Every structure is written in structure tokens, then in C-alpha cells.
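Architecture and fold: a report
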Amino acid sequence: MILPEAVRYIIEKLYKGGYEAYAVGGCVRDSIMGVRPHDWDVCTSARPEKVLELLSSKNIIEGGLKHGTVTVSIDGSLYEITTYRSDGEYIDNRHPDSVRFITSLEDDLSRRDFTINAIAYNDKAGIADPFHGEDDIRDRIIRTVGDTDKRFSEDALRILRALRFSSRLGFTICEETSDSIIKNAHLLKNISQERITSEFLQIINGDYAEEILMKYSSVISVFIPEITAMIGLEQRNPHHIYDVWEHTVKVVVNSPKGRVSRLAAFFHDISKPECFFTDDSGVGHFKGHPEKGAYLSEKIMKRMKLDNKTISSVKKLIMYHDLRPEANEKNVRRLLSQIGNEAFEELMLLKKADASGQNPDMLEYKLEYIDRLTGIYKELTKNGERFTVDSLCINGSDLISLGLKPGKRIGMILEMLLDMVIDGNAKNEREVLIAQAKRIIDSECSKTE
Ligand code: ATP
Ligand code: MG
């Protein structure tokens, strides 16, 4: 294992002061897997005040001191150095009532969540792996350190951490840990929404999210109970071969990674259960589910403390996800005026993912249709054209120069001009729009005379 120079420096400094120090946790796990760690954590037998003293020549960022963590900045990167500790009794399934500094590396490793995260390394002592995490990395297994039920009831967030690592790495959660996750999932009620949301976003963005969402839907439903009605809801429609939940999961993994795109996929059919009905011939329909879903998902995302910008982007995609206008320039321009160019691109990707989670016999023509819309969009916007009022080649001041008084009329006339551009009755060019504006103003004047 090759430690970065800064980590070697930290470890050496601590050893020179008479203490032990190791790289630990995710960075060791990733290095063993041959993946470049995104950051490096160090654990040490030195108490925080000693760590501060021994690294006083470096830029120290204080903050986590009372939990035993000193953060140093070296060459622009941050390194967390945490004193070996054992957590006291946990209260509320989340907070240890005390943190005790200790001197045994093994005891520090024993408080860590999973065997794959409980490995330490330094160049002097080599690997310390009392819980056989290396074997579990090799066998691609996630297993708690110590008594499984106890570990999840100490800190229920570990339940979602297990799903997150499995979704990211594709590791199997071992049977005992998996059973305990399902059994203890209700304890997530005691975990703050922010921490849940952060893990949830990582779970739906993992390469292996499909397996996790399918197997652990009951865990997700603890904090998003609205999904419960989707699970097992057969769609009874020739377009679909999966129930609403399985379809949703497929759309999630077929969507590009990213907060907005994966959330939109996750929530796009959230209102299908409440909109479901069968017609006289027994075929299932979900009339109105995009609009209802947009509002329901907004409510859920607010509860999940997602930011307003994310919520409004997701909501827009859900609102429009099922729209299927005939593929022509006018319709694409209209849609662009409603949602904007960026959302249009995201919408096309969502629609593709949506189609990929439906009956494969109909996939080809659905994809062809989306490609046609996209082709028209590309042609219409090849020079960065946009189809909104503020991208018109004239603005309110131009209309005032033509003799109009400031006020509501200005906005209405600009909307009329935009409509003309969208319908293909006028080009978005200054002279053309000025002429059209004059015509509108004149005709209004003659009406009022
Ligand atoms: P990532 O690659 O996502 O950063 P990580 O394993 O480094 O994964 P962190 O959340 O950065 O995860 O935590 C660092 C280490 O601290 C973990 O590897 C684990 O040893 C320990 N740890 C973190 N959270 C917990 C927890 N809730 N319970 C027990 N140990 C934890
Ligand atoms: Mg980490």
C-alpha cells in the first residue's frame, strides 16, 4: 500500500512523539481494492492535545476536537487525525453518551461499522486487520464488526451506510447483517433527516442501486412510506411488464448519475398508486399521475430537507415526464418555452430511462421518438437559441420606445411575440419583432379608438 507523502509525514511525526498512528477506514479499504481513496484518515494513540502539539507546524483546523479529531491541512488537502476511542453507551440509537480515549488500536477498530472499514495500515507495522476485513473485501462482503443487532441499535445510520457501500461497491451484505438491517430498519426513525438524505442520495447514485432498492425497499419505506403502495402494484397495461416499484428502480439505474436526475427518476411515478384505475377492458391507467406526482414529491423532498433548487428541478421533470407531443419544431419550441433548454435535455434522458423500464417490445419506437425530439431540439438550439421571453431580441424598453406606457401590457405583448416565434409566424430577429410589435400596438389602438 502506498501512503501519500502527507500521511507518511503525519504518521512519522506521531511516532517520533512516542505514539502509534495508522491510516484507517475508507482509505485503507479503497487502497486494498485498488481504488484511489478520495481522502485519508489517520487514527492514533496520541490524545488530541498531543496531536496538536506534534503537528503545530502545520495548518490546523479545529472543530472536531471534543470527539478526538484534529484536522490538518497539508498542501491543500485535509487530513483527519482521530484519537483511538471507544464509544460509551449509545442513547436514542444515535448518540454515544460519552467518548473515551483509549490506547488500543484493536479497541478503536472494534467500534467501527463494517469489517471492510475496520482495517488500519502503516509502513512500520503493516496491516492491522483483527476482524478479517481483507477477506471480506476479497469476497466482496459487507459485515458488521461485532454483534450485528447491537451495532445497528447503537447507531441506526449504519443501516443506510451498509446499503450505501453495497450500492456503491456491489458487495453483498452478509445474511446475518442483512436480516438485522431489515429487522432494525424502524430505528431509522431516530436518525436526523439530513443524515438519512445524505445516505439516500448516495444509495440511489450507486452502480448497484438496483439490487439494493429491490431487496431493501422496506428500509427505504421507513423514511419514504409513500413508496409502499408502489411495491407489487401491477400496472395491467401492455406498455408495462414490471410493477410500479420495479419499474421505478429500473428507471433510477437507467438515469444518468446526479442528484436531480436520480431523484426525478425515483419519484416520477410516486403518484401512480393514487391515480390507478382499470377501464372496461381491464387495462390499467394512471391519469394525472405526473401532476400529482410533482406535488407529492415536492412534499416528500421538503420533508427530506432537500434544497429548493433541487426540488424545483425535480418537480419540473416529473410534471413533464409523460408528455408526448408530436415531434415537430413548433411543439419542441413550445416545450422549451415552458421548461428551458437544460431541463429539456434532462427530460429527454428521463424519458429514455423511463422507456427502458417498460415493455422491451415497445422500446425501439419509444427511443426513436425521443431521438426525433432531441434531433429537432439540437437543430433549433444549435446557435444557443432559447425560447423564453427574456431571450427575445427585443425587450420592454423597446416597446416603451414604440410609445407604450410602462405596465402589464408590456409583458403581455412580449408573450404574444414569443408565441409568434414559437408558432413559426415570426423570426426572433429585432426588425421582425419590432414590426410585429408595432402591428399589435396599432391594432390595439384602432380597437380602442
Ligand atoms: P467514504 O469512502 O464514503 O468516505 P468511509 O469508509 O471513509 O467511506 P466515512 O464516513 O468517511 O466512511 O468514515 C470513515 C470511517 O469511520 C469509516 O471507514 C468507519 O471506519 C468509521 N465510521 C464512520 N461512520 C461510522 C459509524 N456510523 N459507525 C461506526 N463507524 C463509522
Ligand atoms: Mg471517508
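Below: a short report on this structure.

Rules behind the numbers
Residues numbered from 1 in each chain as written. Chains lettered and ligands numbered in written order. Predicted model: local features only at pLDDT ≥ 70, side-chain atom pairs only at ≥ 80, totals over all residues. Heavy atoms only, no water. Helix = DSSP H or I, 4+ residues; strand = E, 2+ residues; numbered from the N terminus. Rg over C-alpha atoms; globule rule 2.2 N^0.38 Å. Buried < 20%, exposed > 50% of the residue type's maximum accessible area, 1.4 Å probe, protein only. Contact = heavy atoms within 4.5 Å. Areas by Shrake-Rupley, 256 points an atom, 1.4 Å probe, with all protein chains shown as cover. Near = heavy atom within 4 Å. Polar contact = N/O pair within 3.5 Å; in protein donor to acceptor, adjacent residues only side chain to side chain. Nonpolar A, V, L, I, M, F, W, Y, C, P; charged D, E, K, R; others polar. Domains from an automatic or database assignment. Pairing = 2+ DSSP bridges. Salt bridge = Lys/Arg side-chain N within 4 Å of Asp/Glu carboxyl O.

Let's shift gears to the overall build of the chain. For the chain, the count of helices and strands is 22 helices and 15 strands. Relative to the compact-globule value of 22 Å for 449 residues, the chain shows a C-alpha radius of gyration of 29 Å, a clear excess of over 25%. Taking the principal axes of the C-alpha coordinates as reference, the chain spans close to 95 × 60 × 35 Å. Here the chain holds 449 residues, and the buried ones make up 49% of them. Put simply, of all contacts in the chain between residues at least 6 apart along the chain, 64% involve residues at least 24 apart. Of the roughly 21,700 Å² that the chain leaves accessible, carbon and sulfur atoms contribute 48%.

Taken together, 15 residues lie near ligand 1, and Arg29, Arg158, Arg161, Arg164 and Arg168 sit nearest. One of the side-chain nitrogen or oxygen atoms of Arg158 is found 2.7 Å away from a nitrogen atom of ligand 1. Expressed as a share of its isolated accessible area of 590 Å², the protein-covered part of ligand 1 is 80%. Sorting the residues of the shell around ligand 1 by element identifies helix H2 (26-33) and helix H7 (157-169) as the ones contributing at least two each. Considering each element in turn, the shell around ligand 1 owes the most residues, 5 residues, to H7. A per-class count over the shell around ligand 1 returns 1 nonpolar, 4 polar and 10 charged. Each of domain 1 (1-139) and domain 2 (152-220) gives at least three residues to the shell around ligand 1.

So, on to the pairing of strand S2 (residues 41-44). Here 4 bridges tie strand S1 (residues 21-24) to S2, and the two strands are oriented antiparallel to one another. Paired with Tyr22 across the bridge in S2 is Cys43. Pairing geometry for S2 and strand S5 (residues 77-83), over 4 bridges, is parallel. Within S5, the position partnered with Asp41 by the bridge is Glu80.

Bringing the side chain of Asp30 into the picture now. With respect to the secondary-structure elements, Asp30 resides in helix H2. Reaching out from Asp30, the side chain makes a polar contact with the side chain of Arg29 at a distance of 3.1 Å. Beyond its immediate chain neighbours, meaning those up to four positions away, Asp30 contacts Val35 and Pro37.

Moving on, we get to the pattern of salt bridges. The tally for this structure, following the rule as stated, stands at 29 salt bridges. For Lys315, the salt bridge identified is with Glu298, shortest N-O distance 3.2 Å. Taken together, the positions of Lys315 in helix H16 (residues 308-320) and Glu298 in helix H15 (residues 289-303) put the pair 17 residues apart, joining distant regions of the chain. Note on accessibility: Lys315 and Glu298 belong to one class, buried. Three or more residues are tied together by salt bridges with common partners; here these are Lys150, Arg151, Glu154 and Arg158.

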